[in-house]
Amino acid sequence: MVSAWVLKRLLEDVSTRQFDEHIVTAAVTLAVLGLALALLTGAARFAEAELSRKIGLGAQDRLHTALAERLRGLSRLEDPAFQDRLRIAQIAGRTGPIQVTTGTVAISKCAITFAGFVLTLFMINVWLLLAVILSAVPAIYAEVGLSKRRDRAIWKIGQSERRQMFYASLLTAPSAAKELRLLGLGKYFRKRMLSEMRSANAVDRAIDARSFSAQTGLSFLSACVAGVGLVWAVNAVREGKLSIGDISVLIAAVAGIQSSVASAIQQAGLLNRANLSMAHYAALTTLETDIIVPASPREIPPLAHSITLENVWFRYGHGLPWVLKDANLTIYAGETTALVGLNGAGKSTVIKLLCRLYEPIRGRVLWDGIDVRSFDPEALRNRISAVFQDYMQYELSLGENIGLGDVEAITDGPRIHRAAALAGIQELVRSLPDGLETMITRIFTNSDDRANPGTGVVLSGGQGQRVAMARAFMRENHDLLILDEPSAGLDAIAEKEIHERLRTLRTDKTTILISHRMNAVRDANRIVVLDRGDISESGSHENLMEIGGRYAELFNLQSEGFQRDSKPRMPFFP
């Protein structure tokens, strides 16, 4: 605005050919103002960026802290609608605070510019000022409608965008690469990815087309108002009511008001969309916890007697089949209890309930006679160590993969080596180029290996399973050890070795062992047979074989298979 008035004075002096010191002063002032504006603009951008970074970091911290406190189980993570909302909230947490910050600053600057040029135009022609302001009303109305449509579109295409990212990750993930190439699935998943992209693009295109139509009409209206004002100003100059300099001020004022209003409306639209997205963010940060935590949790005692499932009913969703039906099971302290049964019998569900990853629909889980819902879930899980069938292999170093079993000891080298020895991977550690510091991934490097990314290694399935065991052994003071198919990925020699090692480690420790290999569970203190959600048999190997029920049938069936496979075969000659 100041520049416009200085330019007015300069033009008037030039038009009257008054080439005195005032022209030089005006020209220098104009140059200084331009330089100051450039410096202030750069400084403001830096300040906005730094403020946005800090706010964005805080927003992400609040979101994931809240999720850690409220998502203590698994049920919501398996809900597609929740995943859609989670994705929007994560994006909002990264961009929402930045949009709010920059939008607020931008609107403030627009307001200052608007106020200055409104005063200027008021001094020239109040009716033209009124026309310029009224021409902005349709733009405000249009932007509000478009913001609402965009918010609905974000929710509508959320799953399409998640699927698109899923297919894109499949096409580049090393874990999927073998099967995709062997089965020739790359083209198939690429088509599905592009199909999801087209679906999302169609929704975006419809909104962009509506926005284009609205902006075209509004631009035409603004141009008409500006044109009428310019015609009036030219006539006023011809009649001697305005000077050449006044025209420059009028043009700057009309353009300034229109651009500041347009920018403010645009920023207000972005702010509105950011606020609508942040509503999903707020919903997740105030979400009710899926696993109830008592206000005053009881201190969990060391396991002395037993863990009990008492009349437990459970299913993974309303209307879905019951996985456990009135299940009663006691796991005695200091003993090994094996869970056997066909796929889908409920073995892994029992484990999830013991770890409070889910809550029973009916019934109770007791720890030495105390309902586990009276404990803090985190305190309960600190008493449990587990090797899951679908174990994780983190894209980190070998030492970190083991040390994550007890994060507080993740830098305790001797303890990590001890856990590795218990899992029988000492030779693996010695064979790796950097020992425990070796990255067991070919996707990332650590800070020391960036110049030599080839040092990362990919473990075999059996090696990865042993690393998962070592991670479980990091919890030296656990009360319950859960072994879910601990030898599924091992060869016969390694399986024999690991079971002998586990047999020694399980002595006088409370252990739950799940395995489809009957020979691996026969020495358990007690074997529990689950069949379609019911506990059909329970006892020692000898007792169950004597009963001749489901366990004996499975054991004999597997034994017959081994005996048949071990019979000598006649050589085949073509």
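Heads up: the structure comes first, above all this text.
All values reported here derive from a predicted model rather than from experimental measurement. Throughout, a residue's number is its position along its own chain's written sequence, starting from 1. Totals for whole chains, interfaces and linings use all residues, but because this is a predicted model, local features are given only for residues with pLDDT of at least 70 and pairs of side-chain atoms are given and counted only at 80 or more. Heavy atoms throughout the structure, all of them, feed into the side-chain values; hydrogens and water do not.

Quick look at the overall build of the chain
Secondary structure summary: the chain contains 19 helices and 10 strands in total. Residue burial is assigned from relative accessible area. The probe radius is 1.4 Å, only protein chains are included, and a residue is buried under 20% of its type maximum, exposed over 50%, and partly exposed in between. For the chain, with 574 residues in total, the buried portion stands at 42%. Excluding contacts between residues fewer than 6 apart, the proportion of contacts in the chain whose partners are at least 24 apart in sequence is 72%. Approximately 31,600 Å² of the chain is accessible, and the part contributed by carbon and sulfur atoms is 59%. A helix here means a DSSP run of H or I that spans at least four residues, while a strand means a run of E at least two residues long, and both kinds are numbered starting from the N terminus. Two residues qualify as a contact provided that any one of their heavy atoms is within 4.5 Å of a heavy atom in the partner residue. Each accessible area is a Shrake-Rupley result for a 1.4 Å probe, and residues are judged covered by the shown protein chains and nothing else.

Overview of helix H13 (residues 413-422)
Since the α-helix packs 3.6 residues into each turn, any two residues three or four apart lie on the same face. When we look at burial in H13, the residues that qualify are Arg-415, Ile-416, Ala-419 and Ala-420. Projected onto a plane normal to the axis of H13, the buried residues spread over an arc of 140 degrees and lie on a single side. Those residues of H13 hidden inside the fold are in contact with helix H12 (398-403), helix H14 (426-431) and helix H15 (461-473). With its phi angle positive at about 75 degrees, Gly-424 sits one or two positions after the end of H13. Throughout, the arc means that of the directions going from the helix axis to the C-beta atoms.

As for the pattern of salt bridges
When charged atoms on two side chains of opposite charge get close, those side chains can pair. Salt bridges are identified by distance alone: a Lys or Arg side-chain nitrogen within 4 Å of an Asp or Glu carboxyl oxygen. Applying the stated rule across the entire model yields 13 salt bridges. A salt bridge links Asp-376 to Arg-72, with the nearest nitrogen and oxygen atoms 3.7 Å apart. Here Asp-376 is found in the loop between strand S5 (370-371) and helix H11 (377-381), whereas its partner Arg-72 is found in the loop between helix H2 (21-70) and helix H3 (80-124), with 304 residues between them in sequence. Taking the relative accessible area as the measure of exposure, Arg-72 reaches 18% and is therefore buried. With its nearest N and O atoms 2.8 Å apart, the salt bridge here joins Asp-84 to Arg-162. Taken together, the residues span a long stretch of sequence, with Asp-84 in helix H3 and Arg-162 in helix H6 (residues 158-172) at a distance of 78 residues. The class of Arg-162 is partly exposed, set by a relative accessible area of 23%. Salt bridges here are not isolated pairs; linked through shared partners, they connect Asp-406, Arg-415, Arg-418 and Glu-476.

Some thoughts on the sheet that holds strand S2 (residues 324-332)
Sheet strands pair via backbone hydrogen bonds, and the direction of the pair is either parallel or antiparallel. Sheet architecture is open: 4 strands sit in the order S2-S1-S4-S5, paired in antiparallel fashion. The open sheet has two edge strands, S2 and S5, and neither has a second partner. Taken together, the 6 bridges between strand S1 (residues 306-314) and S2 define a ladder with antiparallel strand orientation. Directly across from Ser-306, in S2, lies its bridge partner Tyr-332. An axis is simply a line fitted to the C-alpha atoms; with a helix, the fit covers only the stretch in contact. Between two such axes, the angle follows the N-to-C directions and lies from 0 to 180 degrees. Here helix H10 (residues 347-354) sits on the sheet in contact with S1, S2 and strand S4 (362-367), set at roughly 115 degrees to S1. Strands were regarded as paired on the criterion that DSSP finds at least two bridges between them.

So, the packing of aromatic side chains
Planes of paired rings set the category: under 30 degrees apart is stacked, over 60 is edge-to-face and the rest tilted, where pairs are Phe, Tyr or Trp rings (Trp by its six-membered ring) whose centres lie within 6.5 Å. Per the counting criterion, the structure on display carries 8 aromatic pairs. For the ring pair Phe-166 and Tyr-167, a centre distance of 5.4 Å and an interplane angle of 50 degrees mean the geometry is tilted. A relative accessible area of 4% means that Tyr-167 is categorised as buried. For the ring pair Tyr-188 and Phe-189, a centre distance of 5.3 Å and an interplane angle of 70 degrees mean the geometry is edge-to-face. Taken together, the aromatic side chains of Phe-166, Tyr-167, Tyr-188 and Phe-189 make up a single cluster linked through ring pairs. The ring of Trp-313 carries Arg-362 above its face, with NZ or CZ at 4.7 Å from the centroid. Two thresholds decide whether a charge sits over a ring: the Lys NZ or Arg CZ must be within 6 Å of the ring centre and within 35 degrees of the ring normal.

What about the packing of helix H5 (residues 137-156) against helix H8 (residues 186-238)?
Axis separation between H5 and H8 bottoms out at 10 Å; the angle between their running directions is 175 degrees. By the angle between their axes, H5 is roughly antiparallel relative to H8. Contact residues: Pro-138, Ala-139, Ala-142, Glu-143, Leu-146, Arg-149, Arg-150, Ala-153 and Lys-156 in H5; Val-203, Ile-207, Arg-210, Ser-211, Ala-214, Gln-215, Leu-218 and Leu-221 in H8. Partitioned by chemical class, the residues of the contact of H5 with H8 number 10 nonpolar, 2 polar and 5 charged. Here roughly perpendicular refers to angles of 65 to 115 degrees, roughly parallel to angles under 35, roughly antiparallel to angles over 145, and oblique to all remaining angles. In this classification, the charged set is Asp, Glu, Lys and Arg, the nonpolar set is Ala, Val, Leu, Ile, Met, Phe, Trp, Tyr, Cys and Pro, and all remaining amino acids, among them Gly, are polar.

Concerning unusual backbone geometry
Note: most residues except glycine have negative phi, and most peptide bonds are trans. Unusually for a residue other than glycine, Asp-368 sits at a positive phi of about 50 degrees. Tracing the backbone through its elements, the reader meets Asp-368 in the loop between S4 and S5. Despite not being glycine, Arg-532 has its phi angle at roughly 55 degrees, a positive value. Here Arg-532 shows up in the loop between strand S9 (526-531) and strand S10 (534-539). Classification of Arg-532 by relative accessible area gives exposed; the value is 68%.

Focus on the nonpolar core
Note on terminology: a nonpolar core comprises buried Ala, Val, Leu, Ile, Met, Phe, Trp, Tyr and Cys residues joined through side-chain atoms within 4.5 Å. Counting residues in hydrophobic clusters, the biggest one holds 39 residues, and the most contacted among them are Val-340, Leu-398, Ile-402, Ile-425, Val-521, Ile-527 and Tyr-551. Per-element accounting of this core gives the leading share, 6 residues, to H15. All the domain ranges listed were derived from an automatic or database domain assignment. In terms of domain composition, this core takes at least three residues from each of domain 2 (306-391 + 476-563) and domain 3 (394-458). Apart from residues no more than four positions distant in its own chain, Ile-402 is found in contact with Ile-416, Ala-419, Ala-420, Ile-425, Leu-436, Val-467, Ala-470, Arg-471 and Met-474. Formed by 32 residues, the second largest nonpolar core is a distinct cluster that contains Ile-300, Ile-307, Leu-324 and Ile-384.

Brief notes about the sheet that holds strand S3 (residues 336-340)
Spatially, the 6 strands line up as an open sheet ordered S6-S7-S8-S3-S9-S10, and their pairing is mixed. A single partner strand is all that each edge strand has here, and the edge strands are strand S6 (384-387) and S10. Averaged over all pairs of adjacent strands, the angle between strand axes in this sheet comes to 15 degrees, irrespective of strand direction. As defined by bridge partners, strand S7 (residues 480-484) adjoins strand S8 (residues 510-514) across 5 bridges and the pair is classed as parallel. Across the sheet, residue Leu-480 finds its bridge partner in S8, namely Thr-510. With respect to the sheet, H10 is in contact with S3, S6, S7, S8 and S9, its orientation differing from that of S8 by roughly 150 degrees.

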